[in-house]
Amino acid sequence: MENLIKKIIAFRDERNWKQFHNPKDLAVSISIEAAELLENFQWRSSEEAVQKDLENIRDEIADVVIYAMMLSHDLDIDLEEAILNKLEKNKAKYPVEKAYGSKEKYTEL
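Computed from a predicted model, the values in this text were never measured in an experiment.

Caption draft 1: Here's a closer look at the pattern of salt bridges. Here the structure, examined in full by the defined rule, presents 9 salt bridges. With a closest N to O distance of 2.2 Å, D53 and R44 form a salt bridge.

Rendered as structure tokens:
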């Protein structure tokens, strides 16, 4: 993951874009790219969207992850550690014996 973050930051820095990438604007960009991802699914079934727009879906997912990785880098958040910590929190919220096969939120289990 560290190698990937280095490539993303190098791409940004080669273009002198860090000046535009404050935490607020990176968070806004994540939301915008996530909305662009959703557009692929609007008015379609999941199957139809994937069949018709898989390449664009792939690109939009990449955009979301790139912005998230830049934001975590700039805030000095170890993304791998943050993900592992969040998985542990989710384990506590969604124990297998209660959550298995359920779509309910943890407050409803």
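Caption draft 2: Here's a closer look at a nonpolar patch on the surface. Taken together, M1, I83, L84 and L87 make up a surface patch of nonpolar side chains, about 380 Å² in accessible area. Within the element layout of this structure, M1 appears in the segment before helix 1 (2-14). Residue classification places M1 among the partly exposed positions, given a relative accessible area of 47%.

Caption draft 3: Broad picture of the environment of A10. Structurally, A10 is set in helix 1. Residue A10 is classed as partly exposed on the basis of its relative accessible area, which comes to 32%. The spatial distance from the C-alpha of A10 to the C-alpha of M69 is 13 Å, given a sequence separation of 59 residues.

Caption draft 4: Fine view of a positive patch on the surface. Side chains of K86, K89, K93 and K105 sit close together on the surface and give a patch of like positive charge. Among the secondary structure elements, K93 is positioned in helix 4 (residues 79-93). According to the relative accessible area criterion, K93 is partly exposed, its value standing at 31%.

Caption draft 5: Looking closely at the nonpolar core. The biggest cluster of nonpolar side chains holds 8 residues, and these are I5, I8, I9, L26, M69, M70, L71 and L79. Mapped by element, the contributors of at least two residues to this core are helix 1 and helix 3 (46-74). Residues within four places of I5 in sequence aside, it is in contact with M69 and H73.

Caption draft 6: Quick look at helix 3. For helix 3, spanning 29 residues, the distance from its first C-alpha to its last is only 34 Å, which falls clearly below the expected 42 Å at 1.5 Å a residue. Along helix 3, the residues that are buried comprise A49, I57, E60, V64, M69, M70, L71 and S72. Contact partners of the buried residues in helix 3: helix 1, helix 2 (23-39) and helix 4. At the C-terminal side of helix 3, D76 shows a positive phi close to 55°.

Caption draft 7: Quick look at the packing of helix 1 against helix 3. It is the contact of helix 1 with helix 3, at a shortest axis distance of 10 Å, that shows an interaxial angle of 90°. Comparing their axes, helix 3 and helix 1 come out roughly perpendicular. Where helix 1 abuts helix 3, its residues L4, I5, I8, I9 and R12 lie against I66, M69, M70, H73 and D74. Partitioned by chemical class, the residues of the contact of helix 1 with helix 3 number 7 nonpolar, 1 polar and 2 charged.

Cut-offs applied
Residues numbered from 1 in each chain as written. Predicted model: local features only at pLDDT ≥ 70, side-chain atom pairs only at ≥ 80, totals over all residues. Heavy atoms only, no water. Salt bridge = Lys/Arg side-chain N within 4 Å of Asp/Glu carboxyl O. Patch = residues over 30% accessible without salt bridge, like charges linked within 9 Å, V, L, I, M, F, W, Y side chains within 5 Å. Areas by Shrake-Rupley, 256 points an atom, 1.4 Å probe, with all protein chains shown as cover. Helix = DSSP H or I, 4+ residues; strand = E, 2+ residues; numbered from the N terminus. Buried < 20%, exposed > 50% of the residue type's maximum accessible area, 1.4 Å probe, protein only. Lys, Arg positive; Asp, Glu negative; His and termini not counted. Charge placed at Lys NZ, Arg CZ, Asp CG, Glu CD. Core = buried A, V, L, I, M, F, W, Y, C linked by side-chain atoms within 4.5 Å. Contact = heavy atoms within 4.5 Å. Expected span 1.5 Å × (residues − 1). Axes fitted to C-alpha atoms, helices over the stretch in contact; angles between N-to-C directions. Parallel < 35°, antiparallel > 145°, perpendicular 65-115°, else oblique. Nonpolar A, V, L, I, M, F, W, Y, C, P; charged D, E, K, R; others polar.

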